Structures are given as C-alpha cells and as structure tokens.
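In case you want the letters, here they are:
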Amino acid sequence: KCHLESAKMLNLDSSVDASLNLQSRPDVLTCTYWKAAIIWEGMFDPSLYDEMHTMKGSSVALTVFAVGRYLDAYLHTFLNSSEQHFMVGLPVTYFVFTDMPEKVPNIKLSPLRSMKVIKVEKNSRWQDVSMMRMKSISDVIESHIRHHCTHVFCFDVDQVFTRRFGSEALGDSVALLHAHYYRLPKHLYTYDRNPNSKAYMETGDFYYHAAIFGGSWKNVKALTEACYQGIMEDKQNNVEALWHDESHLNKYMLLHKPSKVLSPEYCWDTSIGFRRDIQVTRLLWAPKYYDTLRTP
Ligand code: 2GW
Ligand code: MN
C-alpha cells in the first residue's frame, strides 16, 4: 500500500514500482519513510520490470576495478557470473578499470553486451585504490557512459553473482543495505563521526554498503563527484574518513535520499549464517584473502 501512496510523490521510481504492482512483505521493511521501495524477493514480478526497461530502451554500464592482485583473484569469476545473472536481456557495457589491461580475461559475452578496459595507475595505498574509484567513475561517465547508457551500476570486484540481479534494481539513485548492519540499532552504524571530515555524520537512515551503488548516469555522476570532492578536501585537511569512500557515500545518501534501496539479498555474506528474511542470495561476498592480497 505504501507503494501505491507513493505514486503521488515526486520519486519517479516509486510511481513506476507502484504501477508494476510491487508488493509488500510482512517480515521486513519494504519502504523508507521518504517512500523509496526496499527491494526484497517476493515483492516484484521480474518480467514486468524487464518488459518495461526493454520498452524504455534502458541500457546499463557496469563499472568494476581490478587493480594489482585483485585481478587474478576475482575478475574472472566476477565477469563470468555477471554474464549469467546481471541484467540479462538488457544491453550492458562493462567498464573494467585495471593497471594491467593485457591480463583482463577474454570472456565470451552474450549479444548486446560489450566490454571496455580502461587503464588506471596503481596507487600504493589500498585506501587510495578504493577512494580514487570515485574520480575514475565520474570521468568515464562524462567521456563515454552519458552518450551510450541510461543507467550505471558500480561494483566491488570481490563478489560473485549467484542469482538474478535484474532490472528491478534499476532506478534513479540506488543504494544497498549492508548485510552486517541491516538489523542493528543505529548507534552501531560505523559512520564517520570525526567532525573534521566531510563524511562526518552523527546519525542517518541506514548503513549503506559501497560495494554496490547505482542510478541514472546523471545521478551517479553527481554522487561520484561529490564523494571525490569530499575525499580530496579531507586529504587537504589531513583526515581520512573511517571507511574511506563508503563513509562519503553514506554522507551523500543522507543528504540525497536514494529513490530505491536494495535489500542485503543483493549482496550477502554467507559467513553471517542463516537468516529467515534472506529468501534468495543474488550476489555473494567472495572470500577475502587478506594475508595474501593485502600485504605489500
Ligand atoms: C587492496 C588491499 C586492501 C584493500 C583493497 C585492495 C584493492 C582493492 C586492490 O588491491 N585492488 C583493487 O582493485 N581494489 C578494488 O577496490 C576492488 O574493486 C575492490 O573490490 C575494491 C574495494 O576493496 P575491497 O573489496 O578489498 O574492500 P572491502 O570489501 O572491505 O570494501 C568496502 O570498503 C571499502 C572502503 O574501505 C569500499 O568502500 C568498498 O566499496 C566496500 O565494499
Ligand atoms: Mn569488497
């Protein structure tokens, strides 16, 4: 019902969701107070979303970074699994950012799907590898994506698609509930609470996971530019937000509410164990080989 009322609101996604008969679920929160849908299994009819996005001519850019040892460790599995499950049926362009373009695996892509490999420098600090993604993404939206794609999704590479990750996830501005925090009280959210950082916030709506965010190219451009600016200002002031780009993303989403929120079914960590509310796991965290991948 929440979604029907929301049709009157300015959020275009929520009126589309209402018109596609998005349902509620009794056991979980399916709507934010600003009337954005939180997408869980059982709420939507996949074929209605696919049909609508095909009709509207939606096309999706996927950005992913595989720098240094992360290329061999994760990229092949990530790309292979996304061919099986990510936005199947819609045009998809992969933008793979790496310091070793020659080592990007040659994967046979389905029709309507293509790949662009973009060379980036390898930052010596991993925090910078992660944070500088914001700059690279906003640059490639300006040079390529805005001319060819309607939507953008940005992913960590250390994950594997296991089930449909489809057009129901598309929206103007999309954020993901962090699997480890969605059931915790707000005072445990790990926002950046240093007043000297641009990412500073006392409290917020949810704890969002930076492993996935997306939206229209316009909104993702605005988001990545704002986060990059915050990161650079922090550097000038000699501070670094607690969780780097993720802290800046959470601050941005506090000030610019997402129009659609993805449940942790879209990015699950199996080490959490069984949860009754997680009815499918669409994407899983890959193992983190900290000792071998993160030591210099
Ligand atoms: C190397 C050493 C330590 C940490 C990261 C890296 C590293 C990251 C790297 O050598 N090469 C590389 O390509 N990356 C990219 O950055 C890769 O796409 C990876 O998925 C992403 C984020 O690093 P990751 O996945 O190791 O960090 P998480 O899973 O703890 O990420 C969360 O927190 C990060 C900030 O600390 C980001 O906000 C990330 O989006 C979050 O999921
Ligand atoms: Mn990750």
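Our structure is the block above this text.
Everything quoted here is computed from the prediction, not taken from an experiment.

Cut-offs used in this document
- Residues numbered from 1 in each chain as written.
- Chains lettered and ligands numbered in written order.
- Predicted model: local features only at pLDDT ≥ 70, side-chain atom pairs only at ≥ 80, totals over all residues.
- Heavy atoms only, no water.
- Donors = N, O, S within 2.8 Å, 3.2 Å for Na, K, Ca; no water.
- Buried < 20%, exposed > 50% of the residue type's maximum accessible area, 1.4 Å probe, protein only.
- Near = heavy atom within 4 Å.
- Polar contact = N/O pair within 3.5 Å; in protein donor to acceptor, adjacent residues only side chain to side chain.
- Areas by Shrake-Rupley, 256 points an atom, 1.4 Å probe, with all protein chains shown as cover.
- Helix = DSSP H or I, 4+ residues; strand = E, 2+ residues; numbered from the N terminus.
- Nonpolar A, V, L, I, M, F, W, Y, C, P; charged D, E, K, R; others polar.
- Core = buried A, V, L, I, M, F, W, Y, C linked by side-chain atoms within 4.5 Å.
- Phe/Tyr/Trp six-rings, centres within 6.5 Å; stacked < 30°, edge-to-face > 60°.
- Lys NZ or Arg CZ within 6 Å of the ring centre and 35° of its normal.

**Examining the coordination of the manganese ion (ligand 2)**
- Around the manganese ion (ligand 2), the protein contributes the donor atoms Asp 156 (OD), Asp 158 (OD) and Asp 158 (OD), which lie 2.2 to 2.5 Å from the metal centre. Like Asp 156, the residue Asp 158 is buried in the burial classification.

**Observations regarding the site of ligand 1**
- In the neighbourhood of ligand 1, 20 residues make up the surrounding shell, with Phe 65, Tyr 70, Asp 156, Lys 288 and Arg 294 lying closest.
- In the environment of ligand 1, an oxygen atom lies 2.8 Å from a nitrogen or oxygen atom belonging to the side chain of Arg 133.
- Taking Ala 211, its main chain carries an N or O atom lying 3.5 Å from an oxygen atom of ligand 1.
- Burial of ligand 1 by the protein chains amounts to 93% of its free accessible area of 730 Å².
- Elements with a minimum of two residues in the shell around ligand 1: helix H5 (126-131), strand E8 (208-216) and helix H8 (245-255).
- Considering only residue class, the shell around ligand 1 consists of 10 nonpolar, three polar and seven charged.

**Digging into unusual backbone geometry**
- Unusually for a residue other than glycine, Asn 21 sits at a positive phi of about 65 degrees.
- Within the secondary structure, Asn 21 is located in the loop between helix H2 (12-19) and strand E1 (37-39).
- Positioned with a positive phi, Asn 238 is a non-glycine residue whose angle comes to about 60 degrees.
- Relative to the assigned elements, Asn 238 resides in the loop between helix H7 (217-236) and H8.
- Residue classification places Asn 238 among the exposed residues on the basis of a relative accessible area of 73%.

**As for the nonpolar core**
- Core analysis: the largest hydrophobic core is formed by 85 residues, its most contacted members being Phe 86, Met 87, Phe 153, Phe 155 and Phe 165.
- One finds Tyr 181, Tyr 189, Tyr 191 and Tyr 207 within the second-largest nonpolar core, a separate group that totals five residues.

**Some remarks on the packing of aromatic side chains**
- Under the counting rule described, the total for this entry stands at 25 aromatic pairs.
- Ring centres of Trp 40 and Tyr 182 lie 6.2 Å apart, and the angle between their planes is 55 degrees; on these two criteria the pair is classed as tilted. Of the two residues, Trp 40 sits in the loop between E1 and helix H3 (46-56) while Tyr 182 sits in the loop between strand E7 (173-177) and E8, which places them 142 residues apart along the sequence. Accessibility classification places Trp 40 together with Tyr 182 in one group, the buried group.
- Ring plane angle 55 degrees and centroid distance 5.7 Å describe the contact between Phe 86 and Phe 161, whose orientation is recorded as tilted. One end of the pair, Phe 86, is in the loop between helix H4 (70-85) and strand E3 (92-98); the other, Phe 161, is in strand E6 (residues 159-161), and 75 residues separate them in sequence. Note on accessibility: Phe 86 and Phe 161 belong to one class, buried.
- A network of ring pairs unites the aromatic residues Phe 78, Phe 86, Phe 153, Phe 155, Phe 161, Phe 165 and Tyr 266 as a single cluster.
- The ring of Trp 34 is capped by Lys 257, whose NZ or CZ atom sits 5.3 Å from the centre of that ring.

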